[in-house]
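Take a look at the letters that make up each chain.
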Amino acid sequence: MRLLVLLLFLVGCTAAPPAPAPTVDVVTLNLWNDQADWPARLGVIADTLGALRPDVIVLQEVLQDSAKGLANQAETLGARLGYAVVFASVDGPDRAKRYGNAILSRHPVLDTNWVRLRPLTDYRVAAHARLDIGGRPLDVVATHLHHTMEGGAIRAEQVADLLALLDQTAGARWVVAGDYNAPADAPELSPLADRAADAFGTLHPGAAVSTLVEALGHTPRRIDHVFAGPGLTPEAARLVLAEPVGGVQPSDHRGVWVRLRWP
């Protein structure tokens, strides 16, 4: 009996520890459409994101303009990185010029959807993609909210539309990322903040950082966010594409990289 107890003790001591829960890396970046030197900026953005290899990239201000010979910027970046691309715009596929948001994924895309955000004259959309992250479904929503400082009531309407989209696509963990044109604690974002965690703010409370590039004339504000829904725990977060590379500023926004862990 004593020998059996000893053997059981030794087996317990040598058993491998349980594997940690998987993580998902998300980057959000306002692409600044084709402003400044887009080919040079594309090179910096592609090199940086290629080195990071996030699971998901959420883009805003994505432009396609055949009259200018500009291919869809998200598709161009996705082709360089080898990522699947989901693009949404109020401009139909037959239009020469299209402007919207995109989701890039290095994992299989299971489903896609998109909705216009109110008011319809504001040309705002939310793109949705359900991704297969190593056998776990993840709903990703990319958005870009109304831009004026005094437009809190408009953003509140748009947040309500985002939450309605999430309710319609319920059934998976979810992330809503993009350019909110408001700080994470703005009153108009509170219905979303009540249901999700501002990943960067959770890990760096009170940090005096700006996702807007001051050198390009912006007032410093952190307005680009990754909100992680229930069950996804923020584990790491930092700004990326924040400084010029070889004299090239990647965008007028800094990107936000976060790592989220499943339960």
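In this text the structure is predicted, and so the values were computed from the model without any measurement. (Residues numbered from 1 in each chain as written. Predicted model: local features only at pLDDT ≥ 70, side-chain atom pairs only at ≥ 80, totals over all residues. Heavy atoms only, no water.)

Asker: Sorry, what's going on with the overall build of the protein chain here?
Answerer: Assigned secondary structure in the protein chain consists of six helices and twelve strands. Viewed in the frame of its principal axes, the protein chain has a C-alpha envelope of about 85 × 40 × 40 Å. Within the protein chain, buried positions represent 51% of all 263 residues. Counting only contacts in the protein chain whose residues sit at least 6 apart along the sequence, the fraction spanning at least 24 positions is 69%. Of the side-chain charges in the protein chain, 23 are positive and 28 negative, and the distance between the mean point of each set is 6 Å. (Helix = DSSP H or I, 4+ residues; strand = E, 2+ residues; numbered from the N terminus. Buried < 20%, exposed > 50% of the residue type's maximum accessible area, 1.4 Å probe, protein only. Contact = heavy atoms within 4.5 Å. Lys, Arg positive; Asp, Glu negative; His and termini not counted. Charge placed at Lys NZ, Arg CZ, Asp CG, Glu CD.)

Asker: Explanation requested: the packing of helix H2 (residues 38–52) against helix H3 (residues 73–81) in the structure shown.
Answerer: Any two packed helices are characterised by how steeply their axes cross, that is the angle between the axes, and by the distance between the axes. Where H2 meets H3, the axes come as close as 10 Å, and the angle between the chain directions of the two elements is 45°. Between H2 and H3, the crossing angle belongs to the class labelled oblique. Classified by chirality, the crossing of H3 by H2 is right-handed. For the pair formed by H2 and H3, the contact residues are Trp38, Leu42, Gly43, Ile45, Ala46, Leu49 and Gly50 on the first element and Gln73, Thr76, Leu77, Arg80 and Leu81 on the second. Per-class residue counts for the contact of H2 with H3 are seven nonpolar, four polar and one charged. (Axes fitted to C-alpha atoms, helices over the stretch in contact; angles between N-to-C directions. Parallel < 35°, antiparallel > 145°, perpendicular 65-115°, else oblique. Left-handed = near helix turned anticlockwise from the far one by under 90°. Nonpolar A, V, L, I, M, F, W, Y, C, P; charged D, E, K, R; others polar.)

Asker: Which parts of the structure should I look at to understand H3?
Answerer: Three or four residues apart is the spacing at which side chains of an α-helix point the same way, because the helix has 3.6 residues per turn. Three or more residues of H3 are buried, namely Gln73, Ala74, Leu77, Gly78 and Leu81. What you see down the axis of H3 is that its buried residues fit within an arc of 130°, all on one side. Turned more than 90 degrees away from the buried face of H3, the exposed residues are Ala79 and Arg80. Elements that come into contact with the buried residues of H3 comprise H2, strand E2 (56–65), strand E3 (84–89) and strand E4 (97–105). A distance of 3.0 Å separates the backbone nitrogen of Ala74 from a side-chain oxygen at the start of H3, and that oxygen is part of Asn72. Backbone geometry just after H3 places Gly82 at a positive phi near 80°. (Arc of directions from axis to C-beta. Polar contact = N/O pair within 3.5 Å; in protein donor to acceptor, adjacent residues only side chain to side chain.)

Asker: What exactly am I supposed to notice about the pattern of salt bridges here?
Answerer: Any two side chains of opposite charge can pair if their charged atoms end up close together. In the structure shown here, the tally under the stated rule is 13 salt bridges. One salt bridge in this structure joins Asp139 and Arg130, with 2.7 Å as the shortest N-O distance. Taking the shortest distance from any N to any O, the salt bridge between Arg254 and Glu214 comes out at 2.9 Å. Residue Arg254 is located in the loop between strand E11 (233–240) and strand E12 (255–261), and its partner Glu214 is located in the loop between helix H6 (199–203) and strand E10 (224–228); the two are separated by 40 residues in the primary sequence. On the accessibility criterion, Glu214 (33% relative accessible area) is partly exposed. What you see here is one network of salt bridges that share partners, running through Arg118, Glu157 and Asp161. (Salt bridge = Lys/Arg side-chain N within 4 Å of Asp/Glu carboxyl O.)

Asker: What should I look at first to understand the sheet that holds strand E7 (residues 136–144) in this one?
Answerer: Note: strands within a sheet are paired through backbone hydrogen bonds, in either parallel or antiparallel orientation. The six strands lie next to each other as E5-E6-E7-E8-E10-E9, forming an open sheet whose pairing is mixed. Because the sheet does not close on itself, it has two edges, and the strands there are strand E5 (109–117) and strand E9 (197–198). Pairing between strand E6 (residues 124–133) and E7: eight bridges, direction antiparallel. Note that in E7 the partner of Ala127 across the bridge is Ala142. Each of E5, E6, E7 and strand E8 (173–179) is contacted by helix H4 (residues 152–168), which is oriented at about 150° to E5, the strand it contacts most. (Pairing = 2+ DSSP bridges.)

Asker: Would you explain H2 in this entry?
Answerer: A rise of 1.5 Å per residue sets the reference length of H2, with its 15 residues, at 21 Å; its end C-alpha atoms lie 21 Å apart and thus fit the reference within 8%. For H2, every residue scored as buried is listed here: Trp38, Arg41, Leu42, Gly43, Val44, Ile45, Ala46 and Leu49. Tucked inside the fold, the buried residues of H2 contact strand E1 (23–30), E2 and H3. Positive phi shows up at Arg53, right after H2, with a value of about 50°. (Expected span 1.5 Å × (residues − 1).)

Asker: I would appreciate a short explanation of the nonpolar core in the present structure.
Answerer: Taken as a class, soluble globular proteins show a tendency for nonpolar side chains to be buried jointly. The biggest cluster of nonpolar side chains holds 27 residues, and the ones touching the most others in it are Val24, Val56, Ile103, Leu138, Val258 and Leu260. Considering each element in turn, this core owes the most residues, five residues, to E6. Residue contacts for Leu138: discarding those within four places in its chain leaves Val24, Ala129, Arg130, Leu131, Ile133, Ala172, Arg173, Trp174, Val175, Leu232 and Trp262. (Core = buried A, V, L, I, M, F, W, Y, C linked by side-chain atoms within 4.5 Å.)

Asker: Which parts of the structure should I look at to understand the sheet that holds E11?
Answerer: Taken together, the six strands give an open sheet; going across it, the order is E3-E4-E2-E1-E12-E11, and neighbouring strands pair in mixed fashion. A single partner strand is all that each edge strand has here, and the edge strands are E3 and E11. Sheet twist, expressed as the mean angle between neighbouring strand axes with direction ignored, is 25°. Where E1 and E2 come together, five bridges link them in parallel fashion. Opposite Val27, over in E2, you have Ile57 as the bridge partner.

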